[in-house]
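# Reading the structure
Listed below are the residues making up each chain.
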Amino acid sequence: MRLAILADIHGNIFALRAVTARLEQLQPDAVIVNGDIINAIPFSDQVVDFLRQTDWIIVRGNHEFYYLDYASGRAPESWHDPERWGQLHWLMKHIRPDQGNYLAALPDDLALFYPDATPVRVTHGTPGHNRRGFSNSMPEDDIAAALSDVPQQTFINAHSHLQIDRIIKERRGEEAGTGNPVYFLEEAQRQNPRVWHIINPGSVGQPLNGDVRAQFAIIESAPSSPIPGGWRVMHHRIPYDRRPALEGYYSSGMLEAGGVISELFYWELVTAEREISNFFLWRRANLPQGAFSIRDEFEAYKRATGRESYIRKRDPLLGGF
Ligand SMILES: [Fe+2]
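What you see is a predicted model, and the numbers here were worked out from it, not measured in a lab. (Residues numbered from 1 in each chain as written. Predicted model: local features only at pLDDT ≥ 70, side-chain atom pairs only at ≥ 80, totals over all residues.)

### Some details on the overall build of the chain
Across its full length, the chain holds 13 helices and 10 strands. Against the 2.2 N^0.38 benchmark of 20 Å for 321 residues, the chain shows a C-alpha radius of gyration of 21 Å, consistent with a compact globule. By principal-axis analysis of the C-alpha atoms, the chain measures approximately 60 × 50 × 40 Å. Burial status across the chain gives 40% buried among its 321 residues. (Helix = DSSP H or I, 4+ residues; strand = E, 2+ residues; numbered from the N terminus. Rg over C-alpha atoms; globule rule 2.2 N^0.38 Å. Buried ≥ 20, exposed ≤ 12 C-beta atoms within 10 Å, placed from the backbone.)

### Notes on the sheet that holds strand β4 (residues 109–112)
Pairing is mixed across the open sheet formed by 5 strands, whose spatial order is β4-β5-β6-β8-β7. What marks the edges here is a single partner per strand, and that holds for β4 and β7 (163–169). Recorded for the sheet is a direction-independent mean angle of 20 degrees between the axes of neighbouring strands. As judged from the 3 bridges shared by strand β6 (residues 154–156) and strand β8 (residues 195–201), these two strands associate in the parallel manner. Counterpart to Phe 155 in the pairing with β8 is Ile 198. (Pairing = 2+ DSSP bridges. Axes fitted to C-alpha atoms, helices over the stretch in contact; angles between N-to-C directions.)

### Topic: unusual backbone geometry
Positive phi outside glycine occurs at Asp 8, with the angle close to 50 degrees. Position of Asp 8 relative to the elements: it lies in the loop between β1 (2–6) and α1 (13–26). Although it is not a glycine, Asn 39 adopts a positive phi angle of roughly 75 degrees. Position of Asn 39 among the secondary structure elements: in the loop between β2 (30–34) and α2 (44–52). We classify Asn 39 as buried; it has 26 C-beta atoms within 10 Å.

### Brief notes about helix α12 (residues 294–305)
Under the 1.5 Å per step criterion, the end-to-end length of α12 is 16 Å for 12 residues, consistent within 8% with the ideal 16 Å. With its phi angle positive at about 70 degrees, Gly 306 sits one or two positions after the end of α12. (Expected span 1.5 Å × (residues − 1).)

### Some thoughts on the nonpolar core
Ranked by internal contacts, the top residues of the largest apolar core, which has 74 residues, are Ile 5, Leu 6, Val 33, Val 47, Ile 198, Ile 199 and Val 204. Top contributing element to this core by residue count: helix α10 (residues 254–271), with 9 residues. There are two domains that each give this core at least three residues, and those are domain 1 (2–238) and domain 2 (249–318). If sequence neighbours within four positions are ignored, Val 204 has contacts with Leu 6, Ala 7, Asp 8, Ile 9, Asn 12, Ala 15, Leu 16, Val 19, Ala 214, Gln 215 and Phe 216. (Core = buried A, V, L, I, M, F, W, Y, C linked by C-beta atoms within 7 Å. Domains from an automatic or database assignment. Contact = placed C-beta atoms within 7 Å.)

### Side note on the environment of Gly 11
Secondary-structure assignment places Gly 11 in the loop between β1 and α1. Taking the C-alpha atoms as reference points, Gly 11 and Asp 36, separated by 25 residues in sequence, lie 8.5 Å from one another.

### Brief notes about the domain arrangement of the chain
Per the domain assignment, the segments of the chain are domain 1 (2–238) and domain 2 (249–318). Its C-alpha centre places domain 1 at a distance of 26 Å from the equivalent point of domain 2. Of the residues lining the interface, 16 residues belong to domain 1; the matching set on domain 2 comes to 18 residues. Residue classes in the side of domain 1 that touches domain 2 are distributed as 7 nonpolar, 6 polar and 3 charged. (Nonpolar A, V, L, I, M, F, W, Y, C, P; charged D, E, K, R; others polar.)

### A few points about the sheet that holds strand β9 (residues 214–221)
Sheet strands line up and pair through hydrogen bonds in the backbone, either parallel or antiparallel. On the basis of which strands lie adjacent, the open sheet formed by 5 strands has the order β3-β2-β1-β9-β10 and mixed pairing. Each of the sheet's edge strands pairs with one partner strand only, and the pair in question is β3 (57–59) and β10 (231–238). Averaged over all neighbouring strand pairs, the angle between strand axes comes to 20 degrees, with direction disregarded. Alignment of β2 against β3, held across 3 bridges, turns out to be parallel. Bridge pairing links Asn 34 to Val 59 in β3. Packed on one face of the sheet, α1 meets β1, β2, β9 and β10 and runs near 30 degrees to β9.

Written out as structure tokens, the structure is:
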């Protein structure tokens, strides 16, 4: 059994087409898309229409909830601020009602039980927490704690836009310093700490690992291998032309309507680095909370860091590398 795992397409129809062309060569048995199919790059409507005409299995991510929460009125009042949330307001006008109904009915959590393979759990974050992402440097104990309710050994998540292939071992009893073994009532549990195989395919449309190529994974059932959970991972990175995606920010009106957040999404597509969280971290460290508009904060960030010229040097629309 060979599964293609895609995630975090984020409205990037051009990256999705490049990955799809590679999948036609690779011929996986099934394709799983693990959330965040929309938002960030201004072709979400095309991505939704594309996915709906496939037989791929789609899981919902937190960006689908930005749309669904705002559309349904569940979102907090602060989301009406156009300067902070103009990106989402633009998106609301560019997802059709039938597409919204499609997003509304997607599952958040899947367990796959293929007949000739061991079970695989798939969620965008962790079960019940769609904004919980992992990295390759995150401490093993923190990941094990987040997976305590996941019985499947093979666990596929997304959200961090980082390619991950890690074995996570749970520490138990005295080794973990968590208490007296008398509390482990089942002998088997005490003797066999749990082990998970964590797989993140990376992001198709908005990678944040410093590599601008479209990323995904193929996982192959290997039950006789020593890999816990019995699945082998092959990460893929596919070059494609980002210029039409970047031009779309201008031609669609998203960049103008979406303000600072749209500009930061544009930057992330240019650099494949964490432009949004880096800006928010800088803001927290350097500016008093709530004293300035987000636009003024962003201009101060540009002046203080020189980040804009870093972006411009790398922007393919400006001849960047
Ligand atoms: Fe995402």
